[in-house]
Amino acid sequence: MLLGVNIDHVATLRQVRGTSYPDPVAAAAIAEMAGASGITAHLREDRRHIQDRDIELLMQTVKTKVNLEMAVAESVLDRALALKPHCACLVPERREELTTEGGLDVRGSFKRVRNAVTALQGNGTVVSLFIEPDAAQIAAAAKTGAAFIELHTGSFANAATEADRARELARLVKAAVAARKAGLRVNAGHGLHYHNVALLHRVPHLEELNIGHAIIARAVFAGLDQAVRDMVALIQ
Ligand code: PXP
């Protein structure tokens, strides 16, 4: 398994003070040197953390790949088509949420999602759909032509008891098997940290984990280089 480092929270720290630091573009360079296989950033419609300038500079400086998280909304779709990131992960987005809540309803908004996938992939961007580990969503995702899904690991990460965690892990295993069978490649992410990530070794077919908050939180004490190295060691 590979590690994509989400740098949104570096931008959050910058935006709360309206300063030019800390720079998520510098964070991306450090994360890559420490072993990240890709850099993930969410260009939200309200631009609350990552700015257009960040993605433009990441496109010029990242040596691995830029994975742009984005809503299926016309304004960001236009930006993504112009920016041509290596990968895009389509996510649901609500302005008042603290972080991405739940997976994309591919089944319920099939045409809109499929059209976005077609436009992005036709433009050279590999598309992933951020979905719950749910059979109906996986079947719909496969029909859009997207290359990847990213399984939402939030319910697994938030499980309050061992029994709940085991049940959520079993859901992820089942979903990964179904996705592979449907011809999809599989990533995962959300809420993963240093104490729950090792359990994901039990989920087959996972290629890459996208992790942000836990890494940036550890970086406050250990430094970003060490925080990324620690996570890479756990997932490899
Ligand atoms: N993957 C997706 C699609 C996300 O929306 C996020 C949160 O921005 C993450 C991964 C990373 O989640 P976390 O910050 O909890 O590690």
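Quick look at the structure, then.

The rules behind each value
- Residues numbered from 1 in each chain as written.
- Predicted model: local features only at pLDDT ≥ 70, side-chain atom pairs only at ≥ 80, totals over all residues.
- Heavy atoms only, no water.
- Buried < 20%, exposed > 50% of the residue type's maximum accessible area, 1.4 Å probe, protein only.
- Helix = DSSP H or I, 4+ residues; strand = E, 2+ residues; numbered from the N terminus.
- Arc of directions from axis to C-beta.
- Contact = heavy atoms within 4.5 Å.
- Polar contact = N/O pair within 3.5 Å; in protein donor to acceptor, adjacent residues only side chain to side chain.
- Near = heavy atom within 4 Å.
- Areas by Shrake-Rupley, 256 points an atom, 1.4 Å probe, with all protein chains shown as cover.
- Nonpolar A, V, L, I, M, F, W, Y, C, P; charged D, E, K, R; others polar.

Now for helix H6 (residues 135-144). What H6 keeps buried is the set Gln137, Ile138, Ala140, Ala141 and Thr144. Buried positions in H6, seen along its axis, are confined to an arc of 165 degrees and lie on one side of it. With respect to the buried face of H6, the exposed residues turned more than 90 degrees away are Ala135 and Lys143. On its buried face, H6 sits against helix H5 (110-122), strand E5 (126-131), strand E6 (148-152) and helix H8 (162-181). Sitting at the head of H6, Asp134 places a side-chain oxygen 3.1 Å from the backbone nitrogen of Ala136.

Not every one of the 15 residues close to the ligand is listed here, only the nearest: Thr100, Glu150, Gly191, Gly212 and His213. Within the contact set of the ligand, an oxygen atom lies 2.9 Å away from a backbone nitrogen or oxygen of His213. When isolated, the ligand has an accessible area of 400 Å², and the protein chains bury 94% of it. When residues of the shell around the ligand are traced back to their parent elements, those giving at least two are helix H1 (8-15) and strand E8 (206-211). Among the residues making up the shell around the ligand, the classes are represented as three nonpolar, nine polar and three charged.

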